[in-house]
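# A closer look at the structure
Spelled out, the chains give:
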Amino acid sequence: MTDNVYAHEIQKFGSMAELWWDKQGEFWTLHAINPLRLKYIQQFTDINGKRVVDVGCGGGILTEALAQSGANALGIDLSGDLVDVAELHALETKTETVNYQKIAVEKLAEEQPESFDFVTCMEMLEHVPDPGSIISACAKLVKPDGMVFFSTLNRKPKSFLLAIVAAEYVLHMVPKGTHEFKTFIKPHELCQTARTAGLELQGMIGIEYNPIAKRFSLGKNIDVNYIAVFKKQA
Ligand code: SAH
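Quick look at the structure, then. (Residues numbered from 1 in each chain as written. Predicted model: local features only at pLDDT ≥ 70, side-chain atom pairs only at ≥ 80, totals over all residues. Heavy atoms only, no water.)

### Notes on the sheet that holds strand β5 (residues 142-153)
Here we have eight strands laid out as an open sheet, ordered β3-β2-β1-β4-β5-β8-β6-β7, and mixed in their pairing. Sheet topology places β3 (98-102) and β7 (215-219) at the edges, where each strand pairs with a single neighbour. Direction aside, neighbouring strands of the sheet carry axes that sit 20° apart on average. As paired elements, strand β6 (residues 199-210) and strand β8 (residues 225-232) share eight bridges and run antiparallel to each other. In the sheet register, G206 faces β8, and the bridge partner there is Y226. Packed on one face of the sheet, helix α6 (residues 131-141) meets β1 (51-55), β4 (116-122), β5, β6 and β8 and runs near 150° to β5. (Pairing = 2+ DSSP bridges. Helix = DSSP H or I, 4+ residues; strand = E, 2+ residues; numbered from the N terminus. Axes fitted to C-alpha atoms, helices over the stretch in contact; angles between N-to-C directions. Contact = heavy atoms within 4.5 Å.)

Next comes the structure, spelled out in structure tokens:
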């Protein structure tokens, strides 16, 4: 078992579990960016027929979409409440190729090394005490030559203003207290840790928000929220 978890983070997300699938609710931003991240993943790997693990899956927004795109998808999270919500939602939508488990990624990596065609770990690294340990475990889970996708928040004054001040307090895009600036991760830090874990950078893209149009798009600007994709060296 790992201690690489903040109990308050699990409690915070778990307490909002029943709101997870409300597309206009507290987690609307995850719903809004989901088609974009799915599209980005598809630029690097086929999804259909692939075995994938979604680490820190929450209520399963991405996990379920991956399964509906043909993957055999496993979602893992340390919030039992969120795993329950994810399972229930998959039952409601009759998504059969998805499973969920409450297990630490480090433990799963011990049990099933090199078992997954690709790994996703979205908006999660900034919520754990030791992101490096999560990155290493993701690297261990993926098969040689397989892809690992991470998304997180960049640590810059601009991301403090946009991801915390604007998103939490001015525009009320995400619940107050969702993010803590010091846990944000600069792209070069992510790349360096990933490289040490045997992962080679393949691409990086920003998730940009237009507050006038109230729309997200993928673009070159990685100042705030970004996705990075890596390939495990064979
Ligand atoms: N990846 C999902 C949810 C992001 S919210 C998505 O992008 O749609 C962050 C998630 O990380 C929450 O579900 C929270 O319970 C989970 N989490 C936080 N710390 C964790 C840890 N140590 N291990 C596994 N999951 C964790």
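### As for the pairing of β5
Within β5, nine of the 12 residues are buried, which leaves the element mostly enclosed by the surrounding structure. Note on the crossover from β4 through α6 to β5: the handedness is right-handed. Relative to β8, β5 runs antiparallel, the two sharing seven bridges. Considered in β8, the bridge of T152 is made with Y226. (Buried < 20%, exposed > 50% of the residue type's maximum accessible area, 1.4 Å probe, protein only. Right-handed = clockwise from strand over helix to strand, strands pointing away.)

### Some remarks on the site of the ligand
Residues in contact with the ligand amount to 19 residues; listed here are only the nearest, N4, R37, G56, D77 and M122. In the environment of the ligand, a nitrogen atom lies 3.0 Å from a nitrogen or oxygen atom belonging to the backbone of N4. G58 places a main-chain nitrogen or oxygen 3.4 Å from an oxygen atom of the ligand. In the complex, the protein chains occlude 98% of the 580 Å² of accessible area that the ligand would expose alone. By residue class, the composition of the shell around the ligand is 11 nonpolar, five polar and three charged. (Near = heavy atom within 4 Å. Polar contact = N/O pair within 3.5 Å; in protein donor to acceptor, adjacent residues only side chain to side chain. Areas by Shrake-Rupley, 256 points an atom, 1.4 Å probe, with all protein chains shown as cover. Nonpolar A, V, L, I, M, F, W, Y, C, P; charged D, E, K, R; others polar.)

### Some words on a negative patch on the surface
A surface patch of like charges, here negative, comprises E18, D81, D84 and E87. With respect to the element layout, E18 can be found in the loop between α1 (7-14) and α2 (28-42). (Patch = residues over 30% accessible without salt bridge, like charges linked within 9 Å, V, L, I, M, F, W, Y side chains within 5 Å. Salt bridge = Lys/Arg side-chain N within 4 Å of Asp/Glu carboxyl O. Lys, Arg positive; Asp, Glu negative; His and termini not counted. Charge placed at Lys NZ, Arg CZ, Asp CG, Glu CD.)

### Points about the packing of aromatic side chains
Applying the stated rule across the entire model yields 11 aromatic pairs. Aromatic pair F44 and F149: ring centres 6.2 Å apart, planes at 70°, arrangement edge-to-face. In this pair, F44 sits in the loop between α2 and β1 while F149 sits in strand β5, placing the two residues 105 residues apart along the sequence. Joined through ring pairs, the aromatic side chains of Y40, F44, F118 and F149 make up one cluster. Cation over ring: R51 sits above F116, and NZ or CZ is 4.3 Å from the ring centre. (Phe/Tyr/Trp six-rings, centres within 6.5 Å; stacked < 30°, edge-to-face > 60°. Lys NZ or Arg CZ within 6 Å of the ring centre and 35° of its normal.)

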